[in-house]
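Inside the fold
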Amino acid sequence: MKAIRRFTVRPVLPDPLQPLSDLARNLRWSWHTETRELFRAVDPQVRRTAECDPVRLLGAVSAGRLAELARDEQFLHRLTEVFADLRDYLDGPRWYQEQLAQAAGLPAAVAYFSPEFGVTAALPQYSGGLGILAGDHLKAASDLGVPLIGVGLLYRHGYFRQSLSRDGWQQEHYPVLDPNELPLTLMREADGTPSRVVLTLPGGRSLHAHIWQAQVGRVPLLMLDSDVEENAPGEREVTDRLYGGGSEHRLLQEMLLGIGGVRAVRTYCRLTGHPAPEVFHTNEGHAGFLGLERIRELSATGLDFDSAVESVRAGTVFTTHTPVPAGIDRFDRELVARHFGDDGELLGVSVERILQLGMETYPGGEPRLFNMAVMGLRLAQRANGVSTLHGSVSREMFAGLWPGFDASEVPITSVTNGVHAPTWVAPEVLRLRNRYGGTPGRWDSAAEIPDREIWDLRRHLRGQLVAEVRERLHASWRTRGAEQAELGWIDGVLDPDVLTIGFARRVPSYKRLTLMLRDRDRLRELLLHPDRPVQIVVAGKAHPADDSGKRLVQELVRFSDDPRVRHRIVFLPDYGMAMAQKLYPGCDVWLNNPLRPLEACGTSGMKAALNGCLNLSVLDGWWDEWFEPDFGWAIPTADGLALDEDRRDDLEAGALYELIEDRVAPRFYDRGGDGLPERWIEMVRRTVGTLGPKVLAGRMVSEYVERLYAPAARAQRALDPGTVRQLAGWKARVHAAWPRVVVDHVEAVAPDAAGGSAELGSALVVRVRIALGVLEPDDVEVQAVAGRVDAADGISDAQTFPLKPAGGQDLEGRWLYEGPLALDRTGPYGYTVRVLPTHPLLATGAELGLVALPAETMGDGAGPVMR
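Described in the following lines is the structure provided in the data block.

Conventions used here
- Starting from 1, residues in each chain are numbered consecutively following that chain's sequence as written.
- Restriction of local features to residues with pLDDT of at least 70 applies here, the model being predicted, together with a cutoff of 80 or more for giving and counting side-chain atom pairs; totals for whole chains, interfaces and linings are based on all residues.
- As a rule here, side-chain values come from all non-hydrogen atoms in the structure, and water together with hydrogens is ignored.
- One bridge is not enough; two strands pair if DSSP finds at least two bridges between them.
- Secondary structure is summarised from DSSP: a helix means a run of H or I of at least four residues, a strand means a run of E of at least two, and numbering begins at the N terminus for each.
- Between the N-to-C directions of two axes lies an angle of 0 to 180 degrees, each axis being a line fitted to C-alpha atoms and, for a helix, fitted only over the stretch in contact.
- We call a residue buried when its accessible area falls under 20% of the maximum for its residue type, exposed when it is over 50%, and partly exposed in between, using a 1.4 Å probe and counting protein chains only.
- Residues are treated as being in contact if the distance between any of their heavy atoms lies within 4.5 Å.
- Note on terminology: a nonpolar core comprises buried Ala, Val, Leu, Ile, Met, Phe, Trp, Tyr and Cys residues joined through side-chain atoms within 4.5 Å.
- Aromatic pairs are defined between Phe, Tyr and Trp rings, using the six-membered ring for Trp, whenever the two ring centres lie within 6.5 Å; interplanar angles under 30 degrees are classed as stacked, those over 60 as edge-to-face, and all others as tilted.
- Only when the NZ atom of a Lys or the CZ atom of an Arg is both within 6 Å of the ring centre and within 35 degrees of the ring normal do we say a charge sits over the ring.
- When describing relative orientation, an angle under 35 degrees is termed roughly parallel and one over 145 degrees roughly antiparallel, while 65 to 115 degrees is termed roughly perpendicular and anything else oblique.
- Take the far helix as the reference: if the near one is turned anticlockwise from it by less than a right angle, the crossing is left-handed, and if turned clockwise, right-handed.

**A look at the sheet that holds strand S17 (residues 569-572)**
- One open sheet holds the six strands; their spatial order is S17-S16-S15-S18-S19-S20, and the pairing between them is parallel. The open sheet has two free edges, formed respectively by S17 and strand S20 (632-635), since each of these has just one partner strand. Averaged over all pairs of adjacent strands, the angle between their axes in this sheet comes to 20°, without regard to strand direction.
- As paired strands, strand S16 (residues 534-539) and S17 are joined by four bridges and run parallel to one another. Residue pairing for S17: Ile-536 is matched across the bridge by Ile-569.

**A closer look at helix H18 (residues 427-435)**
- The set of residues buried in H18 consists of Glu-428, Val-429, Leu-430, Leu-432 and Arg-433.
- Check the buried side of H18 and you find it contacts helix H19 (451-479) and helix H23 (604-610).
- The positive-phi residue at the C-terminal boundary of H18 is Gly-437, with phi of around 95°.

**Some points on the nonpolar core**
- Judged by nonpolar contacts, the single largest core of 102 residues is most densely connected at Leu-499, Met-516, Ile-536, Leu-616, Trp-633 and Trp-680.
- In contact with Ile-536, other than residues within four places in its own chain, are Ile-501, Met-516, Leu-523, Leu-527, Arg-568, Ile-569 and Val-570.

**A few points about the packing of aromatic side chains**
- All told, the structure shown has 18 aromatic pairs when counted by the stated rule.
- Pairwise contacts between aromatic rings join Trp-455, Trp-633, Phe-668, Tyr-669 and Trp-680 into one cluster.
- The ring of Phe-503 carries the charged tip of Arg-505 above its face, separated from the ring centre by 4.5 Å.
- The ring of Phe-668 is capped by Arg-671, whose NZ or CZ atom sits 5.2 Å from the centre of that ring.

**So, the packing of helix H11 (residues 290-299) against helix H12 (residues 305-314)**
- Two numbers describe how H11 lies on H12: the axes approach to 9 Å, and their chain directions differ by 125°. Considering the angle they form, H11 stands oblique to H12. You can see that H11 and H12 cross each other, and the crossing is right-handed. Contacts between H11 and H12 involve Gly-291, Arg-294, Ile-295, Leu-298 and Ser-299 from the former and Phe-305, Ala-308, Val-309, Ser-311 and Val-312 from the latter.

Have a look at this one:
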């Protein structure tokens, strides 16, 4: 019979065991080895459950076992030590507090918004890299003591669980998640009633949401849940699935995340006394509506719309993760207008002004679409990509918002992603490193570890992966309908002594899951080589609506089902955090072969590297930035050639096969007299010791603090109501006056120039006459821009030289500027001049998207555009 009602019966812990509840409810256990081991000791019979979720474990332990533990002095001693360690972790000063003591001007708090968070497999609220990165960001912030508040949605079905049909087609399953069975706490008011946020919807409807809190170490993570009784059925389903539904469903999710999220943060700070955030960090455009809610808040205090925008911009950081326009959420203009109209949200805020923030009003844009990333950039004074290469790609992609500027000057910087080592590094690796003097921030101790210990550990981890793969493969085949009697072959799948390559990620087409299958005969030869065999473990999910991705999965599965190779290549369904934590340490090589430059960062290779796994990757994302031959191999690419997709795939697959056959496998199997592959071990040592510190999430978060959060906090503090009104008025005046800013005349004098040439080390004196209209010299900056020139007179590797006023206005109202231009390089050289707006509260000269150039350099799109 099926139950008609479901609820959770919580265990009653004996008094001596009460700290277990706090330990289970703080997700620090997901990266703290001693806490996990304590929970394993609670009931060894449910060890796998303990590894996944202590909350479920405590709900499954018998009262008799709890009573026994309450009398176990040894266990109680361990419990006291682990709980004291948690209290010290939560309350003691950390890196951030040390910086505050040095008067670093850091924000009192930062609100970090993301549509997904991958903190632990026990809280399945993630689909891929964006969510895992967000989870690692929270954990690293906690370790550093950064006063972060995470904000997301609670999806009752999470992302989907994946299985395979008998013929290898991906099947999706959406198990229902009960928040009461998760490591969450419902936020309540002082009178005990659940806290809630409410959004107004068209047609007199409302969207209610409860606020659930997960505690990620020192960081609270607030998650909004629309599955509440006050909502109509349609509204209850807003937070049903991650990235589910059509356009309106997604719009409501993103309104709840952004607008409702700000209201949830205000509620949390009111109830707990937590400092209000001075900085709001938007992790991708999904959360961009948070800026509109903050505009509404400021407008309610009497601030006009333009001034409110400036205040919001000053304290907002926007991170883009996509390298392609197709990865950005875009909504029909009328859909957005309906939800922010007279009977929708943000009453009192002009819907036309809201629309202007997200419309693609730039050359090449689609003016009928509301672009969430465009809104995110317009409402954030500071923006970044997630690797150096991705920052460059992002500047190119969004250059239309800053017409007249070279892409290199588009104000989007980069902070390369990192990964949270305690989450992703196998305990055995940490123990070995620590035994030789390593610390959480120091990995160069790997230089002291003997070769034999490194190699023995690598084989042990490979053996663990083999056991894990066989167990998962057996479960997958039973789900596919196989009988127990036909699965004996699984006991021979993989070998702990064979070179093991891992490939696991989402399955969009650009990640090229099946590139390895381009020449199947050659792949079989690699897998079955008599002296240097290779084995490959593959995992990944295609989006439920992506049939082309599902076909790639099926193609790989069918190849791996072939009896000739199925002991050497496997596909594991239902890739997630729990699988990944076994997969990264057990692989010798981590494969990544995206279409360059479509990988924004690609952090899976970082996690593998921290476990001593070498990378074999296209030079894309982070690997383009930090590749060295000591750390692995770079797959040659053909992205600079005008080739069709098939030809490019053939060339790059061929390069991949050659690398494995000629360089990777021989180095792994080239053994000395002691049976050790010395050159391979040295690469492992260099990867862990030299690359390791670069890929840490602590490095990433400290960069965000120093380069983005602190400047945003300072900018926010500088904008009191009077100052922000002045800034908004100045911007409006400059925008209105800019069409009359004209570069009227340019001349240069080189004292030693002859015949159109000049000597290295000499200088030009550049003079320019500028018409400013109603603007004053203090409103603008005049620059000479110089560098090498190509055949079309395009300037590259440009330098800027400030030009200063040289006297007042002439009789025609023009201003004279002049200054030296140093000639510090040889070859074809050229210069131009330009005029930019300038103000002490601008982050960059390109911020307004306004530039005046000499008439002969002006082209389409160089005029002012709404920013």
